[in-house]
Amino acid sequence: MTDFQVIFKPTEPEQKPPDIDLMAQEFQTSDWSIHEAYMCLILCAAYADHQLAEEEKQEIAALVKRSRTMKRLTGAELANVNQSVVSRLRERKDALQEACVALPGDMRPSVFAHCVDIVLADGQLLPAEATFLNDITRMMALDANQALEIKRVVMTKNRY
């Protein structure tokens, strides 16, 4: 019989989670908060095909509940972030570009992965959604190979 070994070992929980507001101050390069930039990208992902599928809505709700960035917000704060993002998207031609640039560089690949997951939540990748993913890859200055690998992994995940 094979002598199996433990690969995954419990980790110690962080003593105190990082303060997203302090991180925001460190990376603040615009009037977009990290919360707003994150929300902008996931909302734009959901609406990339100009409609909001129920699966995309559920994926966003689940993401907001488990994301360290978003779950710290109260319901009222989350509603304010959502309203702010919707207003900016309506009023600013380059709102999506601004949001992409406002995200800290090390956060961009994971937000991109969430966007891929959201556009694939309804089981299809439409041309408008593929265009959106290509656009945010460029706007977030992600390495094209890294973005392609993220797409492949998420597509495989969603297949099973």
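My aim in this report is to walk through the structure given alongside it, one point at a time. (Residues numbered from 1 in each chain as written. Predicted model: local features only at pLDDT ≥ 70, side-chain atom pairs only at ≥ 80, totals over all residues. Heavy atoms only, no water.)

## With respect to the overall build of the protein
From N to C terminus, the protein includes nine helices and zero strands. Starting at the N terminus and ending at the C terminus, the protein contains elements arranged as α-α-α-α-α-α-α-α-α. Of the contacts made within the protein by residues no fewer than 6 positions apart, 76% connect residues no fewer than 24 positions apart. Accessible area of the protein: about 10100 Å², with a carbon and sulfur share of 54%. (Helix = DSSP H or I, 4+ residues; strand = E, 2+ residues; numbered from the N terminus. Contact = heavy atoms within 4.5 Å. Areas by Shrake-Rupley, 256 points an atom, 1.4 Å probe, with all protein chains shown as cover.)

## Notes on the side chain of E59
With respect to the helices, strands and loops of the structure, E59 is situated in helix α3 (residues 54–66). Not counting residues within four places of it along the chain, the set of residues in contact with E59 comprises R66, D117, I118 and A121.

## Looking at helix α6 (residues 95–102)
Buried residues of α6: A95, L96, A99, C100 and A102, and no others. Projection of α6 onto a plane perpendicular to its axis shows the buried side chains occupying an angular sector of 165 degrees, all on one side. The inward-facing, buried residues of α6 abut α2 (34–46), α5 (75–91), α7 (108–119) and α8 (127–139). (Buried < 20%, exposed > 50% of the residue type's maximum accessible area, 1.4 Å probe, protein only. Arc of directions from axis to C-beta.)

## Let's talk about the pattern of salt bridges
All chains considered together, the criterion is met by eight salt bridges. Between R92 and E98 there is a salt bridge; the shortest N-O distance is 2.7 Å. For D135, the salt bridge is made with R138, and the minimal N-O distance between the two is 3.8 Å. Taken together, the residues D135 and R138, both in helix α8 and three residues apart, mark about one turn of the helix. (Salt bridge = Lys/Arg side-chain N within 4 Å of Asp/Glu carboxyl O.)

## Some details on the nonpolar core
Within the largest apolar cluster, 43 residues are counted, with the highest numbers of intra-cluster contacts made by L41, L96, F112, F132 and I136. Those elements giving two or more residues to this core turn out to be α2, α3, α5, α6, α7, α8 and α9 (144–159). Filtering out sequence-adjacent residues up to four positions away, L96 remains in contact with C40, L41, C44, L89, F132, I136 and M139. (Core = buried A, V, L, I, M, F, W, Y, C linked by side-chain atoms within 4.5 Å.)

## Side note on the packing of aromatic side chains
Per the stated rule, a full pass over the model turns up zero aromatic pairs. One cation-aromatic arrangement involves R88 over W32; the distance from NZ or CZ to the ring centre is 4.7 Å. (Phe/Tyr/Trp six-rings, centres within 6.5 Å; stacked < 30°, edge-to-face > 60°. Lys NZ or Arg CZ within 6 Å of the ring centre and 35° of its normal.)

## Quick word on α8
Taking 1.5 Å of rise per residue, the 13 residues of α8 would be expected to cover 18 Å, and the 18 Å separating its terminal C-alpha atoms lies within 8% of that figure. Turning to α8, its buried residues are E129, F132, L133, I136, T137 and M139. For α8, the elements touching its buried residues are α2, α3, α6, α7 and α9. Positioned one or two residues after α8, A141 has a phi angle of 55 degrees, which is positive. (Expected span 1.5 Å × (residues − 1).)

## A short note on unusual backbone geometry
A positive phi angle, near 70 degrees, is found at H50, a position not held by glycine. Relative to the helices and strands, H50 is located in the loop between α2 and α3. Although it is not a glycine, A141 adopts a positive phi angle of roughly 55 degrees. Tracing the chain through its elements places A141 in the loop between α8 and α9.

## Structural notes on the packing of α7 against α8
Think of two packed helices as two axes; the pair is described by the angle between the axes and how far apart they sit. Axis separation between α7 and α8 bottoms out at 11 Å; the angle between their running directions is 175 degrees. In terms of axis orientation, α7 runs roughly antiparallel to α8. The segment α7 lies against α8, with F112, C115, V116 and V119 engaging E129, F132, L133, I136 and T137. The residue inventory of the contact of α7 with α8, partitioned by class, reads seven nonpolar, one polar and one charged. (Axes fitted to C-alpha atoms, helices over the stretch in contact; angles between N-to-C directions. Parallel < 35°, antiparallel > 145°, perpendicular 65-115°, else oblique. Nonpolar A, V, L, I, M, F, W, Y, C, P; charged D, E, K, R; others polar.)

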